[in-house]
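# Coordinate analysis (summary)
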Amino acid sequence: MNDKQNKESSTFIPPKKSWWEKNYRAVIYIAAFLAVLGGMFSNKPMHLNVSSATKGLFDSVEAIPKKRQKTIAEVEEKLKKAEEKKDDKKIRELKTYLTRLKLNTNGVLLICFDFDPSTAPELKPMAISLLRQAFKNGIKVIGNVGYNVISAQLAQNIIENIAHESSDKFQPKKAGKDYVFLGFRPNAFMVYMQMGESILSAYETDYAGNDLNTLPIMKGVHDYAEIEDVVLLSGYVGMPEIWMNVGKTKFGKDVGLGMTAVSAADYYPYIQSKQITGLLAGLRGAAEYETELKSLGSGVKGMRSQLYAHSLAILLIVIGNIEFFISKFRKKRK
Amino acid sequence: MRSKLPPFICFICGIVLLLQFFSPWDPIEKDMLEWVGNSTQVVGVFALAIGIASLVHMHGNKIKRKMPGWGFSLITLLCVVVVATIGLIPANNIKVKSPIVAKTDIFGETNLFVETTHTLFGFQTDSSFTNTIVAGKKIPVNKKSVPMFDWFYNYIFVPLSATTFSLLAFYIMSAAYRAVRVKSWEAGLLLVAAIIVLLGQVPMEQIPFVGKFIACGTIKGISTFEYLKSIILDFPNTAAKRGIIIGIALGGLATSIKIIFGIERPYMGGQG
């Protein structure tokens, strides 16, 4: 029996493959390469509709100076009442808080850079736009990394580059005065909880090793009370939940998200429930943000490559299905 | 003792952290949190040490026994030593100066001079600014001191990591042709939703010649597919996801209670 089987298998001639069957992979790969490359060389401006999710985040960051002024006015009102009541302990607390608030009058934005080089093409344009928007409005920026130490150097380079841009709108920003990058600490949940009590207890130094006590920006920031908005740019699923639990639920901060396109769909429920101020979904979200900011960058530029790549993917799905139905029809006829 | 002590520690830690989250009492809310936070960071550092020890042990054995691919192991260990050394040793004065270059970013927002020096050790780029007068105009000069660590990260790690991930695009294209087939009506439904989201994610009307035909006009001022995409994401997707989130949260809560009370002991390696 075995001999018979061996004989049969040795005489088995596989069906002859057509040229397409042999080479379809190479053709698809070349087509994909050309689709992406084609988009890169096109300089034609792209018009994009800005979604409400993107607009929500943009407006929230834009309103940071107003939020700070509102907080200052509220604290001053509380201080007046405390002075009327002659509550010395509260007066002291409120005066310290007010002094800190007045040190950064345009407010403070915390950006969490949780992405690595693999997800940077989608998330880096978001980071650049956010930093440009913050610096343009005189908002102080605190940066950190919560998930992976690998992201720290990338984040540091992005902040440095944008801070050193100069334009008619803003002058180069100084490390320690206009921005600070805290770097990475393990166990994000505990670190963010600690930051809610005191940032200095979670981070003693910045990424460069400078003592946080000596940095002018940190004289006006003790904990989340002096931070208006938190924006998380994450290539990792699970990190937004930590920020929503800690930043939003426990400390009542406005949290915005920037996610890769594949994981963005998971976070739409949080927009409806208003747990997040807005959501930037992948490269499209980054491009929309750049459009809204009127500072076009690699987000909008990358959209053309994405446009051709998506068109190719749809075309391939259609061709594959036509082929599938033809072969099914032929089998039925046989 | 060996089977009773870990569940006891787990119980104490669980209850303390639970109390910490809800308690407004300073010794628990602040002091305890700081202590626990610092402890977890110490544990994190030990995890890093264990990781390095494991890496050295595994690759060291491969090299010692000359197992297939031992050369790659040697390169791995060499990279660990070199990158860690240049990053850990503080920046020194070994500097190579490169000429001043003018950098203008692609959208013309920036126009500044960059003066770069390369240092061997350290991991932090130092930057400072001075102003220079060019043709009667004040232009900032960015004086950068870039260490080798930064160079390794930017020009070796970043491109390699991005390249590996970008290969996914080619596999996805191939899979779109081979695997995304309407084999049942459920698969058909999934395919229709996927195509709508794919079409809605990009401005199809801007494809030359055929774009306007594919885009199928507009609804409420936005392109048809973009509108349909937002309907899919805002309603069926959100409803399903919300159900999943609530399910996961309840499951997580039940598992946490089981772990705190020692009913489930995953930290015992399936024993106890």
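Everything numeric in this text was worked out from a predicted model, so none of it was measured.

### Considering the overall build of chain B
- For chain B, the helix and strand inventory stands at 7 helices and 7 strands.
- Mapped from its N terminus to its C terminus, chain B presents α and β elements in the order α-α-α-β-β-β-β-β-α-α-α-β-β-α.
- Each of the 272 residues in chain B was classed as buried or not, and the buried ones make up 28%.
- Total accessible area computed for chain B in this model is approximately 17,800 Å², and 73% of it derives from carbon and sulfur atoms.

### Examining a negative patch on the surface
- Taken together, Glu204 and Asp211 of chain A together with Asp31 and Glu34 of chain B make up a surface patch of like negative charges.
- Inspection of the secondary structure puts Glu34 of chain B in helix α2 (residues 26-64).

### Topic: helix α4 (residues 148-178) of chain B
All names here are of chain B.
- An ideal rise of 1.5 Å per residue puts 45 Å on 31 residues; α4 measures up with 45 Å between its terminal C-alpha atoms.
- When the local axis directions of α4 are compared, the greatest deviation, roughly 30°, occurs at Phe157, which is followed within four positions by the proline Pro159.
- Among the residues of α4, Phe149, Asp150, Tyr153, Val158, Ser161, Met173, Ser174, Ala176 and Tyr177 are the ones counted as buried.

### Quick word on the packing of aromatic side chains
- Taken as a whole and judged by the stated rule, the model has 19 aromatic pairs over all chains.
- Ring centres of Tyr24 of chain A and Tyr177 of chain B lie 5.3 Å apart, and the angle between their planes is 50°; this geometry places the pair in the tilted category. Taken together, the positions of Tyr24 of chain A in helix α2 (residues 19-41) and Tyr177 of chain B in helix α4 put the pair across two chains. Neither Tyr24 of chain A nor Tyr177 of chain B differs from the other in exposure class; each is buried.

### Re the interface of chain A and chain B
- With 77 residues of chain A in contact, the opposing surface of chain B contributes 71 residues.
- Note on chain A versus chain B: buried area summed over both sides is about 6,600 Å², and carbon and sulfur give 61% of it.
- A salt bridge links Asp266 of chain A to Lys241 of chain B, with the nearest nitrogen and oxygen atoms 3.7 Å apart.
- At the junction of chain A with chain B, the criterion picks out 19 residue pairs in polar contact (both at pLDDT 80 or more).
- Sorting elements by how many residues they give to the side of chain A that touches chain B places helix α15 (residues 298-333) of chain A first, with 20 residues.
- Residues belonging to the side of chain A that touches chain B are distributed by class as follows: 40 nonpolar, 25 polar and 12 charged.

### Focus: the domain arrangement of chain A
- Segmenting chain A into domains produces domain 1 (15-43 + 306-333) and domain 2 (52-295).
- Relative placement of domain 1 of chain A and domain 2 of chain A: their C-alpha centres are 44 Å apart.

### Some points on the nonpolar core
Residue and element names in this part refer to chain A.
- Judged by nonpolar contacts, the single largest core of 44 residues is most densely connected at Ile142, Tyr192, Met195, Met218, Trp243 and Leu279.
- No other element matches the 6 residues that helix α8 (residues 188-197) contributes to this core.
- Filtering out sequence-adjacent residues up to four positions away, Met218 remains in contact with Ile142, Val180, Ile199 and Leu212.
- One finds Ile128, Leu131, Val141 and Tyr289 within the second-largest nonpolar core, a separate group that totals 38 residues.

### Some points on the pattern of salt bridges
Residues and elements named next belong to chain A.
- As enumerated under the stated definition, the model contains 14 salt bridges over all chains in all.
- Asp229 serves as the salt-bridge partner of Lys67, at 2.5 Å between the closest nitrogen and oxygen. A residue pair is termed long-range when its members are at least 10 positions apart, and Lys67 in helix α4 (residues 64-85) and Asp229 in strand β4 (residues 229-234) qualify at 162 residues.
- Exposure remark for Lys67: the relative accessible area of 22% places this residue in the partly exposed category.
- For Asp229, a relative accessible area of 1% gives the class buried.
- Look at the salt bridges and you will find they share partners, linking Lys67, Asp229, Lys248 and Asp254 into a network.

### Points about the sheet that holds strand β6 (residues 279-281) of chain A
Residues and elements named next belong to chain A.
- On the basis of which strands lie adjacent, the open sheet formed by 6 strands has the order β3-β2-β1-β4-β5-β6 and parallel pairing. Looking at strand neighbours, the two that pair on one side only are β3 (179-184) and β6, the edges of this open sheet. In this sheet, neighbouring strand axes are inclined to one another by 15° on average, regardless of whether the strands run parallel or antiparallel.
- As defined by bridge partners, strand β1 (residues 108-114) adjoins β4 across 6 bridges and the pair is classed as parallel.

### Some remarks on the packing of α15 of chain A against helix α5 (residues 185-201) of chain B
- Taken N-terminus to C-terminus, the directions of α15 of chain A and α5 of chain B make an angle of 155°; their axes are 9 Å apart at the nearest point. One element, α15 of chain A, and the other, α5 of chain B, form an angle in the roughly antiparallel class. For the element pair α15 of chain A and α5 of chain B, the recorded crossing hand is left-handed. Residue-level inspection shows Met303, Gln306, His310, Ile314, Ile317 and Asn321 of chain A of α15 of chain A in contact with α5 of chain B, the latter providing Leu191, Ile195, Leu198, Leu199 and Gln201 of chain B.
- Here the residues of the contact of α15 of chain A with α5 of chain B sort into 7 nonpolar, 4 polar and no charged.

What counts, and where the lines are drawn
Residues numbered from 1 in each chain as written. Chains lettered and ligands numbered in written order. Predicted model: local features only at pLDDT ≥ 70, side-chain atom pairs only at ≥ 80, totals over all residues. Heavy atoms only, no water. Helix = DSSP H or I, 4+ residues; strand = E, 2+ residues; numbered from the N terminus. Buried < 20%, exposed > 50% of the residue type's maximum accessible area, 1.4 Å probe, protein only. Areas by Shrake-Rupley, 256 points an atom, 1.4 Å probe, with all protein chains shown as cover. Patch = residues over 30% accessible without salt bridge, like charges linked within 9 Å, V, L, I, M, F, W, Y side chains within 5 Å. Salt bridge = Lys/Arg side-chain N within 4 Å of Asp/Glu carboxyl O. Lys, Arg positive; Asp, Glu negative; His and termini not counted. Charge placed at Lys NZ, Arg CZ, Asp CG, Glu CD. Expected span 1.5 Å × (residues − 1). Bend = angle between axes of the 7 residues up to and from the residue. Phe/Tyr/Trp six-rings, centres within 6.5 Å; stacked < 30°, edge-to-face > 60°. Contact = heavy atoms within 4.5 Å. Buried area = accessible area lost by both parts, 1.4 Å probe. Polar contact = N/O pair within 3.5 Å; in protein donor to acceptor, adjacent residues only side chain to side chain. Nonpolar A, V, L, I, M, F, W, Y, C, P; charged D, E, K, R; others polar. Domains from an automatic or database assignment. Core = buried A, V, L, I, M, F, W, Y, C linked by side-chain atoms within 4.5 Å. Pairing = 2+ DSSP bridges. Axes fitted to C-alpha atoms, helices over the stretch in contact; angles between N-to-C directions. Parallel < 35°, antiparallel > 145°, perpendicular 65-115°, else oblique. Left-handed = near helix turned anticlockwise from the far one by under 90°.

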